[in-house]
Amino acid sequence: MKPKVAFICVHNSCRSQMAEALGKVFTRNIFDSYSGGTEVKPNINEDAVKAIKDLYHIDMNESQHSKLISHIPKVDIVIKMGCNVVCPFLPSKHEEDWGLDDPTGKSYEEFINTAKIIEEKVKDLGKRIENNEIPLG
C-alpha cells in the first residue's frame with residue numbers, strides 16, 4: 001500500500017496546494033498526496049493556480065480546494081511547507097519542514113520559482129520513499 005503524504009500550512013491556499021498537485025503528477029505511483037491547513041480560504045491563490053497551469057498544465061481550481069487538516073485521511077508523512085508561525089500538528093510516522101517562503105503578495109516570478117522548488121522536493125521525497133530512506137514501519 002502506498003504511503004499517504006500531507007502537505008500542510010496554515011491557510012492551505014498556496015504552497016501546500018501546489019505540492020499536492022505536483023505530488024499527484026510526479027509521484028502518484030509512490031505516494032498519495034493530500035493538503036490541508038488549520039484555516040481555509042474561499043479560493044486557492046490565483047497566482048499559484050496560474051503558475052501550476054502555466055508550468056504543468058494542471059488546473060488546481062478544477063481538481064482541488066482549500067481544506068482543513070481534519071478533512072484529510074490519516075497520513076504516514078507530514079510535510080510542513082514553512083509556516084514561519086506555529087505549523088499545524090498532524091500525527092504521522094515521519095515529519096519534515098521544507099521551510100519555503102510564502103510567495104503570496106510577491107511577484108509572479110516568485111510563484112514560478114516556488115513551484116519549481118516544490119517540484120524538486122516532491123521528486124526527492126518520492127525517491128527517498130522508494131529507497132526506504134524514510135522510516136514508515
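Residues numbered from 1 in each chain as written. Predicted model: local features only at pLDDT ≥ 70, side-chain atom pairs only at ≥ 80, totals over all residues. Heavy atoms only, no water.

Student: Break down unusual backbone geometry for me, citing the residues and quoting the values.
Tutor: The residue His-57 is not glycine, and still its phi comes out positive at about 60°. Its location among the elements puts His-57 in the loop between helix 2 (46-56) and helix 3 (60-63). Owing to a relative accessible area of 69%, His-57 belongs among the exposed residues under this scheme. One non-glycine residue with positive phi stands out, namely Asn-132, at about 55°. When you line up the elements, Asn-132 lands in the segment after helix 4 (108-130). (Helix = DSSP H or I, 4+ residues; strand = E, 2+ residues; numbered from the N terminus. Buried < 20%, exposed > 50% of the residue type's maximum accessible area, 1.4 Å probe, protein only.)

Student: Which residues make up the pairing of strand 2 (residues 32-36), and what values go with them?
Tutor: Every regular strand shows the same layout, with side chains that alternate between the two sheet faces. Bridge analysis of strand 1 (residues 4-8) against strand 2 gives five bridges, and the strand direction is parallel. What sits directly across from Phe-7, in strand 2, is Ser-35. Handedness of the β-α-β unit built from strand 1, helix 1 (residues 15-26) and strand 2 comes out right-handed. (Pairing = 2+ DSSP bridges. Right-handed = clockwise from strand over helix to strand, strands pointing away.)

Student: Quick one: what's the story with a negative patch on the surface, residue by residue and with numbers?
Tutor: The grouping of Asp-101, Asp-102, Glu-109 and Glu-110 at the surface amounts to a negative patch. Take Glu-109: it is sitting in helix 4. (Patch = residues over 30% accessible without salt bridge, like charges linked within 9 Å, V, L, I, M, F, W, Y side chains within 5 Å. Areas by Shrake-Rupley, 256 points an atom, 1.4 Å probe, with all protein chains shown as cover. Salt bridge = Lys/Arg side-chain N within 4 Å of Asp/Glu carboxyl O. Lys, Arg positive; Asp, Glu negative; His and termini not counted. Charge placed at Lys NZ, Arg CZ, Asp CG, Glu CD.)

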